[in-house]
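Structural features, examined
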Amino acid sequence: MAVFVTCNDKTLHQISRKIDLIVSFIEHYRWIIEAYVSDFYTHDHWTKLPPCVKEYIDTTDPPNWAWMLESGEENRLCSNSNTPAPLILLALKTYTRYLSLRQTAVDLDSTETSNNILESLKPVGSKISSTSLSPSSKAADESSHHVNVTAFQPPNYKNGQCMDMQHIFRKHVKPKKQHEIQKLGQVINLISEATGCKSVIDVGAGLGHLSRFVTFRYGLKVTTIEADGGHAPKASDYDRQLRKDVTRKCNKILKTEPANFEADGSQGTLDEEATSSKADITAKELASETTLTSNFPEDEQLPNHVVCRINCDIASSQLLDIVTQNRLQCATDSLGTNFILTGLHACGDLSPSLLKIFLECQSAVGLASVACCYMKMEQLTNDQCDSSKTVLDSYPMSDVLKNLSNHDLNYESREMACHFADAYCQRLKDNPIHLMIHSYRAALQFLVTSVQPTFQSGQVRLVIKKGAQGSFTDYASETLKKLNIDISEIPKDVIELSEEMTKRWKRVVAFYTIRLSLAPVVETLILLDRVLFLKEKGINSVMVPIFDSKISPRNFVILAVKS
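First things first, this report covers the structure right here in the doc. (Residues numbered from 1 in each chain as written. Predicted model: local features only at pLDDT ≥ 70, side-chain atom pairs only at ≥ 80, totals over all residues. Heavy atoms only, no water.)

1. Let's talk about unusual backbone geometry
Condition: Numbering goes from the N terminus for both helices and strands, where a helix is a DSSP run of H or I of at least four residues and a strand is a run of E of at least two. For every residue, the accessible area (1.4 Å probe, protein chains only) is compared with the maximum for its type, and the residue is labelled buried under 20%, exposed over 50%, or partly exposed between those bounds.
The omega torsion of the bond from Y395 to P396 falls at -10 degrees, within 30 degrees of zero and hence cis. Relative to the elements of secondary structure, P396 occurs in the loop between strand 9 (364-372) and helix 12 (399-402). Residue H345 is not a glycine yet carries a positive backbone phi of 55 degrees. Tracing the backbone shows H345 in strand 8 (residues 339-347). Of note in the backbone geometry, N431 takes a positive phi value of approximately 55 degrees without being a glycine. Along the polypeptide, N431 turns up in the loop between helix 14 (421-430) and helix 15 (437-451). Assessed through its relative accessible area of 32%, N431 is described here as partly exposed.

Next up, the structure:
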C-alpha cells in the first residue's frame, strides 16, 4: 500500500505537530546529521557511538546493516546475522520511519488514486472536477494527513529503456528521465483535466523532454523557461525531429496518407513497414497512436523555449512579462490565459520560487513541482527570521517552522537529504571492496590535517577515479596532488598511522549507514515546510510519491490547484 500526504484545514495541526517532532529529533541527532564522514578519524566519531552499537558493528558485516536503509514495503527491522541489532538502532529505525514520508510510489493509472488526489486538493466550493468515481471512494482517514492508495507496479525496463513509455518519446532521453517525464506528464494531465487548463509553463526545462511529451501525448500547449541559452536551440531541433517521427509513425499505424506536417514544407514519408496491417497492431498501441494523431501540433503549437534565469526573488508579474515579451502568451482556453506551473527536479531555490509564483500569479491555476538539490537553497539564520518579511526564503518558508528554534539545516545535512539511500542499501548487500573508499577519504583527511591543520572537510573535492582499488599510499599520493602536496614531504609515521586506520574501514561504512538512515527525516522537514507554507497562504496541497525511488530518489511532487 502506498500513501500520499494531504495538507488542508483538517490536517494542518498534525503537520505542524510533526514538524515540531522532526525539529526536536534533528536537534538530538544533529552531531551525526551534520557530520562529515571524512572527519571520522580526525574528529574521532567512533567514540561518540553507544557501546552496544560499536559492538554490533564490530561483530557484523556491511550486508547485515542494509536493513537500516530499506524503505517501502521491503522495510525490515532485523539483521540477517546471528547478532541481534541493538535496541537503540531498532528504535531509531522505527521512529525515523514514523517521521519520514513514505516513498512507495502510487499507482497513477488507478482512477481511484486520481480521484483521491483531486478530492484532497479541493477547497470548499471548488469547481475542480473528478473523474468517474464518487467522492465516497476516497480512502482517507479523516484523522490523518495520509491517504492510502494502491502502490504502482515497478516500471518495466528492458535493455536499459523504460518500456512503459512509447518508443517514439524515448529518443535522446536517458532511462531515468524516461520514467520521470512519463509519470510527471500523467500528473500534469490530471491537473489539466481537473482545471480545464491546457497551457503549461515548464521552469528549468533543460532540453525540453517533458514539454515534448505533454505536447504530443496530451495535446497541451507548453512554454519552457531555461537559464542555459544553449539548451533552447537544441530543444527546438528535438521538437521538430519528434514531429517528423510522429508523422511517420501515425502514417504507418493508421495507414493515413502522408501529410504536410514537416517543418521544412516537405511531406512526411512512410517507412518500409508502412504497409503493415492494422490487424497486427494491438488495441493499446492503436489507442496510443490515435492519441498522438489527435494531439498532433502545428508549428505554432510546438513548445516555446524561452531563455531566462528565474531568481528566488522574482515577482509573478516579471514571469508574465517574460512570457509576453517573447510573444509566448499562454493559449486562451476556457479559463482565459491560465496556465499550470511545473518543474521537474527544479534545483535549489528554483522549486521554492515556483511556489511563490504560483501563489502570487492569478493566472497560475495549477502546480506540479518536483524538487532536488536542497543543499543549494538559500537560508535565513535564526536572527534573520521575521514573520513580517514579505521576501520569500527558500528555507524555512512556513511561519510555523520559522517560529521554532533550532530549525536550521546546514549545507551538509541538506546535501545528505539528496543522497541515494536505495542505491547504497544495495551496495551494502553486494559488499564491494569499493566501500573502503569512505575509510580512505577519512584517513586522507587525517593525513592532510597533520600537515595543514587549517584544512577543512569539503574545502577541496578529494576524489580520484582509481578510488579504493589500490593501496592507501597510492590513493593518497595521487589525491594529494590536488593540494600541491608531495607525499614524500609527509612524515613516514603519519603515513603508516593513516594506512593502519584504513583497516577499520567497516566502522566508517557503518557510521555512514547510520547517518544516511536519518536522511529521509531531513527531506521530510523541507517538504512539509513547503506544503505548510502553501496552506498558510490559503492553498490546499498534496505530496505524492510518483517515481520509483530506486530509480529517482527525489520522487515527491507537490500538487496544488486554485478553484
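2. Details of the pairing of strand 8
The cut-off we apply is this: Should DSSP find at least two bridges between two strands, the strands are taken to pair. By convention a crossover is right-handed if, when the strands point away from the viewer, the path from the first strand over the helix to the second runs clockwise.
Summarising burial for strand 8: eight of the nine residues are buried, a large majority. When strand 5 (residues 199-203) meets strand 8, the two strands line up parallel, connected through three bridges. Note that in strand 8 the partner of I201 across the bridge is L341. Two elements, strand 8 and strand 9, share eight bridges in a ladder whose sense is parallel. In the sheet register, A346 faces strand 9, and the bridge partner there is A371. In this region the chain leaves strand 8, passes through helix 11 (residues 350-360) and returns to the parallel neighbour strand 9; the handedness of that crossover is right-handed.

Note that every value here comes from positions in space, so none of it alone points to a role or purpose.
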